[in-house]
Amino acid sequence: MSGGGGWERIRSTRGGRLSRETSLTGRTARTVRLGRVQPQAPGYRTIFCNDREANLPVRFKGNSISTTKYNFLTFLPKGLFEQFRRVANCYFLLISILSMTPISPVNPVTNVVPLSLVLFVSLIKEAFEDWKRLQNDMVINNNPVDVLHDQVWETIPWKKLQVGDIVRIKQDGFFPADLLFLASTNADGVCYIETSNLDGETNLKIRKAVERTWDYLTPEKAVEFKGEVQCEQPNNSLYTFTGNLIIENQTLPLSPNQLLLRGCSLRNTEYIVGAVIFTGHETKVMMNSMNVPSKRSTLERKLDKLILALFGTLFGMCLVGAIGSGIFISSDYYYLELQRGVGLEFNPSSRFSVAILTLFTLITLYSTIIPISLYVSIEMIKFIQCAQFINKDLHMYHVETNTPALARTSNLNEELGQVEYIFSDKTGTLTRNLMEFFKCSIGGEVYGTGFTEIERGGAQRMGAKIQEAQRSPHAVHEKGFNFDDSRIMRGAWRNESNPDVCKEFFRCLAICHTVLTEGDESPDKITYQAASPDEAALVTAAKNFGFFFYRRTPTMIYVRESHVEKMGNITDVPYEILNVLEFNSTRKRQSVVCRYADGRLVLYCKGADTVIYERLADGNNELKKITREHLEQFGSAGLRTLCLAYKDLNPETYESWNEKFIQAKSSLRDREKKLDEVAELIEKDLILIGATAIEDKLQEGVPACIETLAKAGIKIWVLTGDKMETAINIAYACNLINNDMKQFIISSETDAIREVEEKGDQVEIARFMKEVVKEELKRCLEEAQHSMCTVSGPKLTLVIDGKCLMYALDPSLRVMLLNLSLNCSSVVCCRVSPLQKAQVTSLVKKGARKITLSIGDGANDVSMIQAAHIGVGISGMEGMQAVMASDFAIAQFRFLTDLLLVHGRWSYLRICKVITYFFYKNLTFTLTQFWFTFHTGFSGQRFYDDWFQSLYNVIFTALPVIIVGLFDKDVSAALSKKYPELYKEGIKNMFFKWRVVWTWAFFSVYQSLVFYHFVTISGTSGKNLSGRMFGLWDVSTMAFTCVVITVNLRLLMMCNSITRWHYISVGGSILAWFVFILIYSLLRVSPFVEENVYYVIYVLMGTFYFYLTIILVPIVALLGDFIYQGVERWFFPYDYQVVQEMHRNDPEDNSRAGLLEIGNRLTPQEERSYAIAQLPRELSKHTGFAFDSPGYESFFAAQLGVHAPQKAWDVARRASMRGKPKPSKKH
């Protein structure tokens, strides 16, 4: 592979390459002497294939990939940096530093130990996650690959691969880097690849090598290949590639058809040979390893405000103490001996210095007001909520596809309980994305009988009855085809008035596509691999009409045509495919130029009606009008429509156009744009053939789900690329729109707009459209506001199409659109692009400041999913890209009911309680120290022992609050769904308002006063067994005992449901305090223990006052809370409290006991699914191959002996199992 030949070739080709570089970049490339390779031009890279030495000076990146966040040297500094990005941790670091200074009244261990513990736990978690990433990286980097070396295939690990190497990939193998496809064992240099790791699609794609390289298949021939590749610089565009292959002074254009991307796998091909183009982190998939936007919940942002309020409270308390200290300090107190030889902090002659130093002293003393364990506790609660409850909920498990729900992040659990707006895709989300050819229009005649679900639903609303047509006894119903009309089936089309048009219609279906065939070449056994279910349905329809597409090569399509010449006659007809103008979201159409056996040149085109109608030849207006009516009729029935057209081509015209096409295809810059421009030149003056109508049925349970969510106060918007009629009818079928609603329709399909569009002046069209949209928005908004003023006005719904939406999103009209939309209970946006979906979502998220959720199943929904507060992906038929970009993944739309109304509500309620309880218990504890300051001349004397203060948050009050965060439940899951109105409390944020916080603060002040004054009063009158008064440490130990007992009992009072875990955690926490103090009081002197509390607890337990105090003080302290809760429940109840009273006598729901053992109720198949679900999950945003895999279940499954079924997106299983023995099956 290496040698002097590369250098000789560089010297010999320098002149030729210089001229090429000049033409490509527009400027002269600088020549470097001493025989070195010339510098790479910024716009492209030059690669010498099969010559490592020639590529060496360029220093291309290696093929080793690393998805870890840290390495051995950076772990500690980077990990600590990540932790100290949290303001609270910085605060505790500052407090820890202050506690080490002479002005601190507390031992440094008081603050250092809790902070160290929190940091240690967080770093251990980070290290564990990074270790799992490293393991996966090692598996992937060490996969074997065959590389050409000295005329033999040598096996090396992936990580040693270099740019320019020639590699061999065998069937079912993964491509280790981005490869230029050179040769294949298949005829005509084609191979089949599966891209499921990129986009989740399991449909096979075809790739074709440049004909000039087909011979380089054996190592003897491949070693002769010395090509030079000039291509684009590494980028993240998966579906584009521009480059040229220069071989023996011949320049050949390269396209995405010759590029094999890392992470894809080879199918139906013995092996292929390729040249490495991009390696490691420069491969397209690795450049697409997108970091999903970091999302923080609204509640977490409000928590930051609460922490700031606590900072303010802390500073206020310290300021009061500092001012008091400055006033109190005086030499008049002779017994304090402050006259001479005292430090600056107690010098009466410098009161300002005393106040300043006291301020810092009190900051360290009152530091416990900010709960250090709050963040750790919340993270732990959220993680367990996801891993144990959401991921293992049987109500969200889809048996048919063996798909459980998946929480891909634990940051947004409580956000699920506050969603007000849902933005939903239609196809594959509300519908099943299982397409069936249902009806068609050919030459102005409608064919196909039967009624869609939407037509039935519409008739039911109108009270009409549908007369179902009798199905023909010979009617065919297979996957993708549900059509019945004897007029054109089994050759009967020959008897129609327009047989030639029928023939063109069927040929268009059979030829104009990119479908691949698999299996036997017989109608019953063949399988079609299509890029979309629609395309497969159209080819299946052609087969059933007698035009059976059975074989494809890169240049030919073979169709078995029946009944063409005469009835019963079957002929195999080859069609030469000259050009394919591919479908994309901008073109919205697909064309094929083909040559018949008799030399006839035809362009067949299919696409969206709006696009095809713009390109039709003049005349034949009657057919256009009738077909448009048919399209509207199909759309009203909820069917997906496409228009079909064709055009006979003149050979001279075609040759002239083809030259431009080849030139555009060879362009290195703006290739896609130039190809689109060239396509426009030939896709005109088309002749309309007809239209197809495909049914996409609604998912199970969608109407009931939408009705339930609407009752919960959630507004649902449907954002779809379908026609307005289709979208409206789907909305009717989903219960999103009904006849009682007032509809506002803003459409670009009006006569006035069409008239302006026909003139073709783009500036005038834009001006006129904007003016029309402005007037429509203004009119609708006025009507909406008038309707809202009436007491019993109807609900409102807005329907707007993509063209109008483009102008409505203009900054000058955006506010008007937002105000109108917010007054509507449902909105339907049709004909919208992926970008517009994201813009609409952002409009509500940022403009209305409402909590939004986007749900979709396709790659076109990714931007919308990432734009919303919460993104939900449906693991459906359109691949896994939506799931990869989402925060939560579910298998069916109807599972949103459980995700939001059950898990969302519970999570919101629990997290609110956890935060407010933390706030309460820390404020209560700190205020007792604050009241003590008034009795000590504001000197900063501590009331509690240092270890009491350190362990208060970490041990004595830690576990109960976590149990509440996990198990508290106001009403059961069934009642949450029965009374969806309960969800509105979350939308209004009823449980985390400032009123709630101030109520807790009031009772904190009350309880702290009770603790301090009741205990100190009993201390002054009480005496121990020796007849002495209680000292400071006696009183403070008694007060601390009361605090621990009270705050733990207060937690039980706030619980809606109490389980054995509550009793164990509360009882255990109180018991832990007594065990600790009994042992601690026996310790005398050590570096970690002061003698303050030596034997104190034993002295206290020998007195009557101690027992009286720990019984009476908690009762008095909790009396206020008890009265308040009683009055609130009786006179001002929350909605959930009303439901509790209504169902208080219902039998106890025992499902709680089974929450952690849910697998016991499963079938064997479900048990296996949940065994896999319970394996460790990797929630990293980086993977070895594609964007973001939902987890490495199979990697761990193999290690634990659990059989994991094949998943399209499961990268790590395939990578890690190569060359390893399969786990033995258990019978």
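Since the model is a prediction, treat every value here as computed from it, not as a measurement.

What counts as what
Residues numbered from 1 in each chain as written. Predicted model: local features only at pLDDT ≥ 70, side-chain atom pairs only at ≥ 80, totals over all residues. Heavy atoms only, no water. Pairing = 2+ DSSP bridges. Helix = DSSP H or I, 4+ residues; strand = E, 2+ residues; numbered from the N terminus. Axes fitted to C-alpha atoms, helices over the stretch in contact; angles between N-to-C directions. 1 Å grid on protein atoms, 1.4 Å probe; cavity = no way out; pocket = protein on both sides within 12 Å on 5 of 7 lines; lining within 4 Å. Points joined across faces, edges and corners; volume = space filled by probe spheres on them. Nonpolar A, V, L, I, M, F, W, Y, C, P; charged D, E, K, R; others polar. Phe/Tyr/Trp six-rings, centres within 6.5 Å; stacked < 30°, edge-to-face > 60°. Buried < 20%, exposed > 50% of the residue type's maximum accessible area, 1.4 Å probe, protein only. Lys NZ or Arg CZ within 6 Å of the ring centre and 35° of its normal.

S.K.: Where do I start with the sheet that holds strand β7 (residues 204–208) in this structure?
M.R.: Hydrogen bonding along the main chain pairs the strands of a sheet, whether they run parallel or antiparallel. Read across the sheet, three strands follow the order β7-β6-β12 without closing on themselves; strand pairing throughout is antiparallel. Both edges of this open sheet fall to β7 and β12 (265–267), since each of them pairs with a single strand only. Averaged over all pairs of adjacent strands, the angle between their axes in this sheet comes to 45 degrees, without regard to strand direction. As paired elements, strand β6 (residues 190–194) and β12 share three bridges and run antiparallel to each other. Residue tyrosine 192 lies in a different strand from β12, and its bridge partner there is arginine 267.

S.K.: Would you mind going over empty space enclosed by the protein with me for this structure?
M.R.: Rolled over the atoms, a probe sized like a water molecule indicates the empty space that remains. In this structure the tally under the stated criterion is nine cavities of 30 Å³ or more. Each pocket or cavity is described by its volume, and for the largest cavity that value is around 110 Å³. Taken together, Phe92, Thr110, Asn111, Pro114, Ser367, Thr368, Ile370, Ile372, Gln949, Ser950, Asn953 and Val954 form the lining of the largest cavity. Within the residue set of the lining of the largest cavity, elements represented by two or more residues are α5 (109–141) and α29 (946–956). Counting residues per element, the lining of the largest cavity draws most heavily on α29, which supplies four residues. Of the residues belonging to the lining of the largest cavity, the class tally is five nonpolar, seven polar and no charged. When its volume is computed, the second largest cavity comes out at roughly 50 Å³. Looking at the second largest cavity, the residues that line it are Gln83, Arg86, Ala88, Asn89, Phe92, Val118, Ser122, Pro371, Ile372, Tyr375 and Val376. Secondary-structure elements contributing two or more residues to the lining of the second largest cavity are α4 (87–99), α5 and α11 (374–390). Among the elements that take part in the lining of the second largest cavity, α4 stands out by supplying three residues, more than any other. Across the lining of the second largest cavity, the residue classes break down as seven nonpolar, three polar and one charged.

S.K.: Would you explain the packing of aromatic side chains in this entry?
M.R.: Working definition: an aromatic ring pair is given by the centre-to-centre distance plus the angle between the planes. Going through the model one piece at a time under the given rule, you end up with 63 aromatic pairs. Relative to phenylalanine 481, the ring of phenylalanine 437 lies with its centre 6.1 Å away and its plane at 20 degrees, an arrangement referred to as stacked. With phenylalanine 437 in strand β16 (residues 431–442) and phenylalanine 481 in strand β19 (residues 481–483), this pair connects stretches of sequence that are 44 residues apart. Summarising the aromatic geometry, the rings of tryptophan 994 and tryptophan 998 are spaced 5.9 Å apart at their centres and angled 25 degrees between planes, so their arrangement reads as stacked. Taken together, the residues span about one helical turn, with tryptophan 994 and tryptophan 998 both in helix α33 (residues 994–1021) at a distance of four residues. The class of tryptophan 998 is exposed, set by a relative accessible area of 53%. Here the aromatic cluster, defined as three or more aromatic residues joined through ring pairs, consists of Phe925, Phe932, Phe943, Tyr944, Phe948, Tyr952, Phe956, Tyr1012, Phe1040, Trp1073, Phe1076 and Tyr1080. Sitting above the plane of the tyrosine 596 ring, arginine 600 keeps its charged end 4.9 Å from the centroid.

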